[in-house]
Amino acid sequence: MEVKIGVQHAPREIVFESKQSPEEVESAVSAALAEDGSNMLSLADEHGRKILVPAGQVAYVEIGEHTGRKVGFGTI
């Protein structure tokens, strides 16, 4: 599934595909934000890489459905 993380004072959002369930992502975000802001939000992408974001800098997290890869050429 696709996960988008908005970071305060950053012009672009972090977008990645994850094998984690929406419930796992939501609980990880909730746990990171429940502390005093000194925690790190830690999520894994579909290749096993870790994405770490300071919890105090998280503006929003969007959890979406998995989007299949687009194949082919667009119309001109």
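This text gives an overview of the structure that appears in the document. This is a predicted model, so every value here is computed, not measured. (Residues numbered from 1 in each chain as written. Predicted model: local features only at pLDDT ≥ 70, side-chain atom pairs only at ≥ 80, totals over all residues. Heavy atoms only, no water.)

1. Considering the sheet that holds strand E5 (residues 58-63)
Step number 1: With antiparallel pairing, 3 strands are arranged side by side in an open sheet as E2-E1-E5. The sheet is open, and its two edges are formed by strand E2 (14-17) and E5, each paired on a single side. Recorded for the sheet is a direction-independent mean angle of 15 degrees between the axes of neighbouring strands.
Step number 2: Relative to E5, strand E1 (residues 2-7) is paired through 5 bridges, and the arrangement is antiparallel. Along E5, the bridge assignment pairs Ile5 with Val61.
Step number 3: Sheet strands touched by helix H1 (residues 22-34): E1 and E5. Its angle to E5, the strand with the most contacts, is close to 170 degrees. (Pairing = 2+ DSSP bridges. Helix = DSSP H or I, 4+ residues; strand = E, 2+ residues; numbered from the N terminus. Axes fitted to C-alpha atoms, helices over the stretch in contact; angles between N-to-C directions. Contact = heavy atoms within 4.5 Å.)

2. What about the environment of Phe16?
Step number 1: Relative to the elements of secondary structure, Phe16 occurs in strand E2.
Step number 2: On a C-alpha basis, the gap between Phe16 and Ala44 in space is 9.0 Å, while along the polypeptide they are 28 residues apart.
Step number 3: In contact with Phe16, not counting residues within four places along its chain, are Met1, Glu2, Val3, Ile5, Leu43, Ala44, Asp45 and Ile51.

Function-wise, these values are silent; they only describe arrangement.
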